[in-house]
Amino acid sequence: MLVIGGLVLLFGCVFGSYLASGGSMEPLIEAVPFEMWTIGGAAISTFIMSNSMHDVKHTLGGLGKAIKGAAYKKPDYIELLSLLYFLVRLASTKGAMALEPHIEKPEESKAFTKFPKILHNHHASTIMCDYLRMVGMNADDPNQIEDVMGRELKKTLNEELHPSHALQTMSDGLPALGIVAAVLGVIKTMSHIDQPPAILGAMIGGALTGTFLGVLLAYGVVGPFATRMKGIAEEEAKYLEVIRAVLVTHLHGNAPQVSVESGRKMVPNEHMPTFQELEEAVQSLDI
């Protein structure tokens, strides 16, 4: 909602000040559709040329996230830490092989089905099952697991950041595309140089609208969306970092309570549950 509110405030300030200073909307209304056709069409075309279809779809999904915000809140982190507590406690008390029924078919596990949002989160459930499976295969060197997980999470973050980078590249090119639209307007004006000054003035105003729109879209719309998408991707990456912190701490031989406390410290401060909230959650587990 902040994004929508920001857009409303942006356009209110830009066009409100323009009208308050005596400007007329008529030249803009006449020119905007054609200038947007040029600038927007060229921007979308270059974006499609620069990215794969997967990246295009990924970026469209990221725009939705930019409006809705990050997917994970405090209850989601409490659920994740509760599930991890159950798994590491089970491994500590009954051995790594006791995890096999849960990690081989998580969709049939009482632990995973209790938390359907985690079960249907491909990244989170796969990472948990894969690395717990590796532990069951005697790959239990905590430093090695931490290094492998770190590389995988870095790769995942880079992939999640690509839409914001692609959108930022589009933003960087929009002022130049605005100049292209303005130059075309000037060419059209020069071809009508025999017209009266009033008509030429309107045509020059329409041409300058292209430069105005290119700069406004770049720094007022597309650029902020790219920054917002980057922030969300980095925030959501902490969700997977929590998993790494808990599993690595567990492999170092720490108690389950210590392991989940290590994971709690990786939660963004805005959504971090208190020690008491997490303790109550894990103590009330009924699996």
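Here's a quick rundown of the structure. (Residues numbered from 1 in each chain as written. Predicted model: local features only at pLDDT ≥ 70, side-chain atom pairs only at ≥ 80, totals over all residues. Heavy atoms only, no water.)

**A closer look at the packing of helix 3 (residues 53–68) against helix 10 (residues 197–251)**
Part 1 of the reasoning: Two elements in contact, helix 3 and helix 10, have axes separated by 9 Å at closest approach and are oriented at 85°. By the angle between their axes, helix 3 is roughly perpendicular relative to helix 10. Contact with helix 3, carried on its side by T59, G62, L63, K65, A66 and I67, involves F225, R228, M229, I232 and E236 of helix 10 and no other residues of that element. (Axes fitted to C-alpha atoms, helices over the stretch in contact; angles between N-to-C directions. Helix = DSSP H or I, 4+ residues; strand = E, 2+ residues; numbered from the N terminus. Parallel < 35°, antiparallel > 145°, perpendicular 65-115°, else oblique. Contact = heavy atoms within 4.5 Å.)

**Here we look at the packing of helix 4 (residues 74–94) against helix 12 (residues 275–283)**
Part 1 of the reasoning: Relative orientation of the contacting elements helix 4 and helix 12 amounts to 50°, with a least axis distance of 9 Å. Taken together, the axes of helix 4 and helix 12 lie oblique to each other. For the crossing formed where helix 4 meets helix 12, the hand is right-handed. Of helix 12, the residues touching helix 4 (which contributes K74, I78, L81, S82 and Y85) are E277, L278, A281 and V282. (Left-handed = near helix turned anticlockwise from the far one by under 90°.)

**A few points about the packing of aromatic side chains**
Part 1 of the reasoning: Considering all chains together, one arrives at five aromatic pairs under this definition.
Part 2 of the reasoning: Arranged with centres 3.8 Å apart and planes meeting at 5°, the rings of Y72 and Y239 form a pair that is stacked. You can see Y72 sitting in the loop between helix 3 and helix 4 and its partner Y239 sitting in helix 10, a full 167 residues away along the chain. Across the pair, Y239 and Y72 agree in class, each one buried.
Part 3 of the reasoning: The rings of F11, F15 and F212 are connected pair by pair, giving a single aromatic cluster. (Phe/Tyr/Trp six-rings, centres within 6.5 Å; stacked < 30°, edge-to-face > 60°. Buried < 20%, exposed > 50% of the residue type's maximum accessible area, 1.4 Å probe, protein only.)

**Some remarks on a nonpolar patch on the surface**
Part 1 of the reasoning: Where nonpolar side chains cluster on the molecular surface, the patch consists of I179, V180, V183, L184 and I187 and spans about 440 Å² of accessible area.
Part 2 of the reasoning: Its location among the elements puts I187 in helix 9 (residues 142–190).
Part 3 of the reasoning: I187 sits in the exposed class, given a relative accessible area of 52%. (Patch = residues over 30% accessible without salt bridge, like charges linked within 9 Å, V, L, I, M, F, W, Y side chains within 5 Å. Areas by Shrake-Rupley, 256 points an atom, 1.4 Å probe, with all protein chains shown as cover. Salt bridge = Lys/Arg side-chain N within 4 Å of Asp/Glu carboxyl O.)

**Describing the pattern of salt bridges**
Part 1 of the reasoning: In total, this model carries nine salt bridges according to the counting rule given.
Part 2 of the reasoning: Here R244 makes a salt bridge to E241, at a shortest N to O gap of 3.0 Å. Pair noted here: R244 and E241 are both in helix 10, with a separation of three residues, about one helical turn.
Part 3 of the reasoning: Note on E241: relative accessible area 19%, which makes it buried.
Part 4 of the reasoning: Taken together, the shared-partner salt bridges connect E104, D130 and R133 into one network.

**What about helix 12?**
Part 1 of the reasoning: Among all positions in helix 12, only L278, A281 and V282 are buried. With its buried residues spanning 90° around the axis, helix 12 presents them on a single face. Seen from the buried face of helix 12, the exposed residues on the opposite side, beyond 90 degrees, are E280 and Q283.
Part 2 of the reasoning: Lining the buried residues of helix 12 we find helix 4 and helix 11 (256–264). (Arc of directions from axis to C-beta.)

**Details of the nonpolar core**
Part 1 of the reasoning: In this structure, M128 and I243 are the most contacted members of the largest nonpolar core, which totals 42 residues.
Part 2 of the reasoning: When residues of this core are traced back to their parent elements, those giving at least two are helix 4, helix 6 (110–113), helix 7 (116–119), helix 8 (122–136), helix 9, helix 10 and helix 12.
Part 3 of the reasoning: Counting residues per element, this core draws most heavily on helix 4, at 11 residues.
Part 4 of the reasoning: The residues contacting M128, other than those within four sequence positions of it, are L80, L83, L84, L87, F112, I118 and I243.
Part 5 of the reasoning: Counting 20 residues, the second-largest nonpolar core is a separate cluster that includes A43, L174, L217 and V221. (Core = buried A, V, L, I, M, F, W, Y, C linked by side-chain atoms within 4.5 Å.)

**What to know about helix 3**
Part 1 of the reasoning: An ideal rise of 1.5 Å per residue puts 22 Å on 16 residues; helix 3 measures up with 23 Å between its terminal C-alpha atoms.
Part 2 of the reasoning: Those residues of helix 3 that sit buried are D55, V56, T59, G62 and A66. Projected down its long axis, helix 3 carries its buried residues within an arc of 115°, all on one side. Across from the buried face of helix 3, at angles greater than 90 degrees, the exposed residues are M53, H54, K57, L60 and K68.
Part 3 of the reasoning: Tucked inside the fold, the buried residues of helix 3 contact helix 1 (2–20), helix 2 (26–50), helix 9 and helix 10.
Part 4 of the reasoning: Phi turns positive one or two residues past the end of helix 3, at G69, with a value near 100°. (Expected span 1.5 Å × (residues − 1).)

**Concerning the side chain of H271**
Part 1 of the reasoning: Relative to the helices and strands, H271 is located in the loop between helix 11 and helix 12.
Part 2 of the reasoning: In contact with H271, other than residues within four places in its own chain, are Y72, K73, K74, Y77 and E235.

Nothing here speaks to function; it is geometry throughout.
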